[in-house]
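Structural characterization, general
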Amino acid sequence: MSQRNRLQNGGRIDRSKSLTFTYNGKLLKGYAGDTLASALLANGVDIVGRSFKYSRPRGIVAAGAEEPNAIMQVGATEATQIPNVRATQQSLYDGLVAGTTNGWPSVETDLMEYVGKIGGKMMPPGFYYKTFMFPQSLWGTYESYIRKAAGLGRAPQDTDPDIYDKMNQHCDVMIVGAGPAGLVAALTAARAGARVIIADEQNEFGGSLLSSTETLDGKPAAEWIASVVQELASFDDVMMLTHSQVNGYHDHNFLTIQQHCTDQFADRAPNGQIAQRLHRVRAKWVVLATGAHERPLVYGNNDVPGCMVANAVSTYINRYGVAPGIDLVLMTSNDNAYRTALDWHDAGRNVVAVVDSRKNPQGTLVDAARERGISILVGSGVIEAHGSKRVTSVSIAPLNDAGDAVVGAIVKMKADTVATSGGWSPVIHLSCHTGARPVWNDAILGFTPGATVQKQLTAGAINGSFTTANALNEGLSAACEALSHLNLTKPDVSLPATQDIEEGEAMALFHIPHTKPTSKAPKQFVDYQNDVTAAGIELACREGFESIEHVKRYTAMGFGTDQGKLGNINGMAIAAKTLNQTIPQTGTTIFRPNYTPVTFGAIVGRDCGALFDPKRYTAMHSWHVEHGAKFEDVGLWKRPWYYPQGQETMQESLNRECLAVRESAGILDASTLGKIDIQGKDAREFLGRVYSNAWAKLAVGKCRYGLMCGEDGMVFDDGVTSCLAENHFLMTTTTGGAAHVLEWLEIYHQTEWPEMEVYFTSVTDHWATMTISGPNSRKLLEKLTDYDVSKDNMAFMDWKPMTVAGVPARVFRISFTGELSFEINVQANYGLHVWKALFEHGKAFNLTPYGTETMHILRAEKGFIIAGQDTDGSVHPFDLGMSWAVSMQKPFSFIGKRGMQREDCVRADRKQLVGLKTIDPNVVLPEGAQGVLDPKASIPMPMVGHVTSSYWSANLNRSVAMGFVKGGLDKMGERVFYPLVDGRVVEAEICSPVFLDPKGERQHV
Amino acid sequence: MFYIYCPHCCEHREEEEFHAAGQAHIPRPLDPDACTDKEWGEYMYFRKNPRGIHHELWVHSAGCRKFFNITRDTQTYEIKEVYKIGEKPSVVANAVEVQNSHTQNSSKTPLENTLESQSGATL
């Protein structure tokens, strides 16, 4: 296919650089400087997609971010697929592969179209809700077909090979948009010495000037743009970003910019280059110079390919050298759009007629059209387009003064292109992102930015100042205002002379009437992307949706990936008219970030793979890996879970590890436990306030277990704290709770008791901790130290400094297994050395490494709790049967004391932690199983508490479990039943949670 | 994304470095054992949710680990001031004194307090 719509001359394309691209499997040609959209139009491609709901053929209607139809799937390989790319924003490159995102079997012949035709009347707003509601169980089935029918692209199945990046930026003035207003603002700020960032979504700066035939200083606007760009580039503190969409404007002048670094010229980023970059900008001042989007008019069959926005037609002619048709009908309510008729005429194509809704249009551009002999039909409108895959003709009829009724005979004219303009809508999206409510402006028939608390200025068309002269002036004044806030001196800036164009008054017109009522007229589309029609909006209003936000949600208007950039104002106007109120009374919906869809790659940046979720390893990690450990994630830590040998099952490994500890000796890497170094003369008093038990008498060299509670009295952490010196303690916390505990200590110290002299330092990573446990653990330790670790010199709950395997160590005689245990702490970088030394001497004792699972089983045999497993934030120490760990006599009312004495906390029937001995010793209760007292009770049965810990104990050759039972501490020996999902009911006896060695003889040896 | 001035580091830093720690100026009762269950419940659980000026406790958790206070407009997200623990805010809603403790309003139910603070009435 040749580029049959390409003009011989003109445009900012490079005709010497021919590019080949693939569209729906066909090879097509374009030029450097084309967008995918302009290249498709040049090649005469009319249909670029099928509509969302009715599967109607759709063509390109716009030329920028507002394009609703040309939503492409781009990517040459599976890994480089990008969905939701607007063809109007995708630069053409050699080898680009693009396809339409919907249409089955093809976009040209779509079977769904017939469903849409038959179902047209049967698919009003709310159709899916109303039709597919029942039965609910079938929704999943309906949904998959509905989604397939809709189709808006697909995510790649393979891993994206490209690198994405983020950058933090700071500047004095951030200028959004590099049209005439933005360029002047940037030049002014730059000359004043400000640090400037100017970003524009287009491939080059210039904005509206790029697609206009206007002159500046009597020369083509491009010359002025080039001179400004050249000067801006000469400043060190000016960052110029093209292909960069400012997508979000967040609180405190924080903006996000998605910069396309290479995906405008390559499917994959060249080696070592960044595909896209997300700039995170903190700007002292922001100048929004985002321009305006032209509004199409709403008329019958206004979605037939060939129906376009007027300015888009001019853009394709002037900027890309493409005339997207032969015979044009232009419908307008204003002077400005006459430019399109002039451009079309000057390109050598046929302007069939300008259809002006006004009775007596007058102005420079109208005169120019008359001079060219262009036929102008005043007081009229295009009420309907005809054609299926391309416009073939239009029906034109005279309208009344208000523009809401047809008042004369219909004339049918042949045309293949209909360009329309209902005026311009300022691009206020970014200004809305921070919560500013837009304000309706009757003079320009559009919303302008509302009052804001941001340090934000606006310039140009965003304010409704649509002429180039006004844009230049406002760009200058906005920059000067920013400079005065920044205490910078305003530099000399002379603005170029603009052409004097007088424009007559525009007419407020949004929806062209038809001879039939809207509900019976051919479909008049408001929101192309979501197939929302004027009739649909009227129906929604009649059905009682009066708030525009509700109309939006009911009809889906503005919910597409284009956020209703073209259609929203028309939709609001139609709703307002139906509700018999003004547009400002109806109000507008609020635009939210992002302005255009952002790729996940840009959002993620480098925070993927290993950098997404950092892993923490202990000093002995390499040993664990070498010895085949299976790992468990605890917080960010990788902890050995168990160490399978040979073909062992997990349970076989656990049985072996459990038996080894109690029979001889086992070793656990306990380095991950949180460790907080606490110093200061008030450290001891502080401990007494944050722990529930007493600390006043803990002597130097002693260790003590403590429970930490919230002000509500509920346990949230536990651990052993050791007295290192009179004013020096080492607190241990659970692995997952370490950061929270440290912040907990700090908040009480800093906000409640700042007078206390105490300091907290996290030392978790400073120490490697290995716990040797079992009857032979002392003999093992004796092989590595000269220190006297006998019972007499080192009693249970003592800690001693000593040398172990030649390195200084703190050894704590504490036990979480109930066995004789020594917890050896050495400087982390000695950890692996000491660990290996223990194994060298441990062979004689069958020293067995064990992981977290065996640790859990061994502690459960002893009834020791794990905070976070056997507690859930709703249990206090008495619920846990741990009244021994609470000292109500302490002089200071410790954290949790008052809370655990509340009325609800002293109820007799609170859920209390007890041991659970299954009647069948071979049955292991599932953790989380809910207990009932009477398994024959009617459903729903009253539940009395759940199982928190449950394991097979190889040492006891039976199952052991702990769980909560209402009033359980007074129910020893009674039965509780656990009905399981598989129909079994497991019966258990309530018992002490200490299943093994209730007198604690094994650890006191 | 707030841009927060840490009064201890004396620099603006990104919100990612901070944690919000709830309403500021909720002192722990000096004699908890003397509090009724209701008073203790109000100390623990009842917080303002104002539309407008609000005093909040924040911590520079990924920085100096110091706590400090922020006066913030919950409607516009403007940070009106930051001040250290122990200092009084200079920006307050409707010139109402910062309420030192809910326990001083024991004659009112929490719901009354909440409704009043939402309507901006004097407490």
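Residues numbered from 1 in each chain as written. Chains lettered and ligands numbered in written order. Predicted model: local features only at pLDDT ≥ 70, side-chain atom pairs only at ≥ 80, totals over all residues. Heavy atoms only, no water.

Regarding its fold elements, chain B presents two helices and six strands. The order of α-helices and β-strands along chain B, N terminus first, is β-β-β-α-β-β-β-α. Looking at the 123 residues of chain B, the share that counts as buried comes to 41%. For chain B, the accessible area works out to roughly 6,500 Å², and carbon and sulfur atoms hold 50% of it. (Helix = DSSP H or I, 4+ residues; strand = E, 2+ residues; numbered from the N terminus. Buried < 20%, exposed > 50% of the residue type's maximum accessible area, 1.4 Å probe, protein only. Areas by Shrake-Rupley, 256 points an atom, 1.4 Å probe, with all protein chains shown as cover.)

Another aspect to go through is the pattern of salt bridges. Going through the model one piece at a time under the given rule, you end up with 49 salt bridges over all chains. Salt-bridge contacts for B:Asp37 lead to A:Arg898; the nearest nitrogen and oxygen are separated by 2.6 Å. Of the two residues, B:Asp37 sits in helix H1 (residues 37-45) while A:Arg898 sits in the loop between helix H23 (852-861) and strand E44 (911-918), which places them in two different chains. Between B:Arg13 and B:Glu17 there is a salt bridge, with the nearest N and O atoms lying 3.1 Å from each other. (Salt bridge = Lys/Arg side-chain N within 4 Å of Asp/Glu carboxyl O.)

This paragraph deals with the sheet that holds strand E39 (residues 767-773) of chain A. Residue and element names in this part refer to chain A. Strand order in the open sheet formed by six strands is E40-E41-E42-E39-E33-E43, and the pairing between neighbours is mixed. The strands lining the two open edges of the sheet, one partner per strand, are strand E40 (799-804) and strand E43 (848-849). As judged from the two bridges shared by strand E33 (residues 666-669) and E43, these two strands associate in the parallel manner. From the neighbouring strand, Ile-667 faces E43, where its bridge partner is Pro-849. Packing of helix H22 (residues 831-842) onto the sheet brings it into contact with E33, E39, E40, strand E41 (807-812), strand E42 (821-827) and E43, and relative to E39 it is tilted by some 15°. (Pairing = 2+ DSSP bridges. Contact = heavy atoms within 4.5 Å. Axes fitted to C-alpha atoms, helices over the stretch in contact; angles between N-to-C directions.)

Quick look at the packing of aromatic side chains now. Enumeration according to the criterion identifies 23 aromatic pairs over all chains in this entry. Where B:Phe18 meets B:Phe68, the ring centres are 5.9 Å apart and the plane angle is 80°; that geometry is what we call edge-to-face. With B:Phe18 in the loop between strand E2 (11-14) and strand E3 (19-23) and B:Phe68 in strand E5 (residues 67-73), this residue pair connects regions lying 50 residues apart in the sequence. Members of the aromatic cluster, each reached through a chain of ring pairs, are A:Phe686, A:Phe716, A:Trp744, A:Tyr748, A:Trp753, A:Phe760 and A:Phe892. The ring of A:Phe525 has A:Arg58 sitting right over it, with the charged end atom 4.5 Å from the ring centre. (Phe/Tyr/Trp six-rings, centres within 6.5 Å; stacked < 30°, edge-to-face > 60°. Lys NZ or Arg CZ within 6 Å of the ring centre and 35° of its normal.)

With numbering aligned to this structure, UniProt lists the feature "domain: GCVT N-terminal" (unreviewed entry) at residues 620-890 of chain A. Measuring from the first to the last C-alpha atom of residues 620-890 of chain A gives 41 Å, for a span that is 26% helix and 28% strand. (UniProt positions renumbered as here; feature names shortened; annotations may be inferred.)

A few words now on the domain arrangement of chain A. Taken as a whole, chain A is organised into domain 1 (18-149), domain 2 (164-289 + 426-486), domain 3 (295-422 + 506-513), domain 4 (524-595), domain 5 (674-850) and domain 6 (905-991). For domain 4 of chain A versus domain 5 of chain A, the distance between C-alpha centres works out to 65 Å. (Domains from an automatic or database assignment.)

Let us now look at the nonpolar core. In summary, soluble globular proteins display a tendency toward joint burial of nonpolar side chains. All names here are of chain A. Core analysis: the biggest nonpolar cluster contains 55 residues, and Phe-21, Leu-36, Leu-40, Met-72 and Tyr-316 have the highest contact counts within it. If sequence neighbours within four positions are ignored, Tyr-316 has contacts with Ala-37, Ser-38, Leu-41, Ile-60, Ala-62, Ala-63, Thr-88, Met-308, Gly-321, Val-322 and Pro-324. The next biggest cluster of nonpolar side chains, apart from the first, holds 43 residues, and it includes Leu-430, Tyr-554, Ile-583 and Ile-590. (Core = buried A, V, L, I, M, F, W, Y, C linked by side-chain atoms within 4.5 Å.)

Tallying the contact residues gives 30 residues for chain B and 30 residues for chain A. Here chain B meets chain A over a buried area of about 2,600 Å², counting both sides, of which 48% is carbon and sulfur. Linking chain B with chain A are six salt bridges, by the criterion used here. Of the charged contacts in the structure, one is a salt bridge between B:Asp33 and A:Lys897, with a shortest N-O distance of 3.1 Å. When residues of the side of chain B that touches chain A are traced back to their parent elements, those giving at least two are E3, H1 and strand E4 (53-59) of chain B. With five residues, the top contributor of residues to the side of chain B that touches chain A is H1(B). In the side of chain B that touches chain A, the residues fall into 18 nonpolar, four polar and eight charged. (Buried area = accessible area lost by both parts, 1.4 Å probe. Nonpolar A, V, L, I, M, F, W, Y, C, P; charged D, E, K, R; others polar.)

All names here are of chain A. A rise of 1.5 Å per residue sets the reference length of helix H11 (residues 468-485), with its 18 residues, at 26 Å; its end C-alpha atoms lie 26 Å apart and thus fit the reference within 8%. Listing the buried residues of H11 in full gives Thr-468, Ala-471, Leu-472, Glu-474, Gly-475, Leu-476, Ala-478, Ala-479, Cys-480, Ala-482 and Leu-483. Among the structural elements, strand E8 (163-176), helix H5 (180-191), strand E10 (215-216), helix H6 (221-233), strand E15 (274-288) and strand E28 (456-458) are those in contact with the buried residues of H11. Among the residues trailing H11, Asn-487 stands out with phi positive, at a value near 60°. (Expected span 1.5 Å × (residues − 1).)

It is worth spelling out the sheet that holds E3(B) at this point. On the basis of which strands lie adjacent, the open sheet formed by four strands has the order E3-E4-E5-E6 (chain B) and antiparallel pairing. In this open sheet, the two strands that pair with only one neighbour each are E3 and strand E6 (79-84) of chain B. Within this sheet the neighbouring strands show an average axis-to-axis angle of 30°, counted without direction. In this sheet, E4(B) lies alongside E3(B) in antiparallel orientation, the contact comprising three bridges. Paired with B:Gln23 across the two strands is B:Glu56, which belongs to E4(B). Where helix H20 (residues 738-752) of chain A meets the sheet, its contacts fall on E3, E4 and E5 of chain B, and the angle it forms with E5(B) comes to roughly 80°.

All names here are of chain A. Of note, Glu-853 is situated in helix H23. Overall, Glu-853 belongs to the buried group, its relative accessible area being 16%. Once the C-alpha coordinates of Glu-853 and Tyr-642 are considered, the two residues, 211 residues apart in sequence, prove to be 6.4 Å apart. Setting aside residues no more than four positions away along its own chain, Glu-853 makes contact with Trp-641, Met-650, Leu-654 and Tyr-951.

All names here are of chain A. For strand E35 (residues 703-709), the buried fraction is high: six of the seven residues fall into the buried class. Inspection of the sheet shows E35 paired to strand E36 (residues 715-725) by seven bridges, in the antiparallel sense. Paired with Arg-704 across the two strands is Thr-721, which belongs to E36. Connecting E35 to the antiparallel partner E36 that follows it, the hairpin turn spans five residues, and Gly-713 within it adopts a positive phi of roughly 90°.

UniProt's entry tags residues 172-428 of chain A with the feature "domain: FAD/NAD(P)-binding" (unreviewed entry), counted in the numbering of this structure. With 21% helix and 36% strand, the stretch residues 172-428 of chain A has end C-alpha atoms that lie 22 Å from each other.

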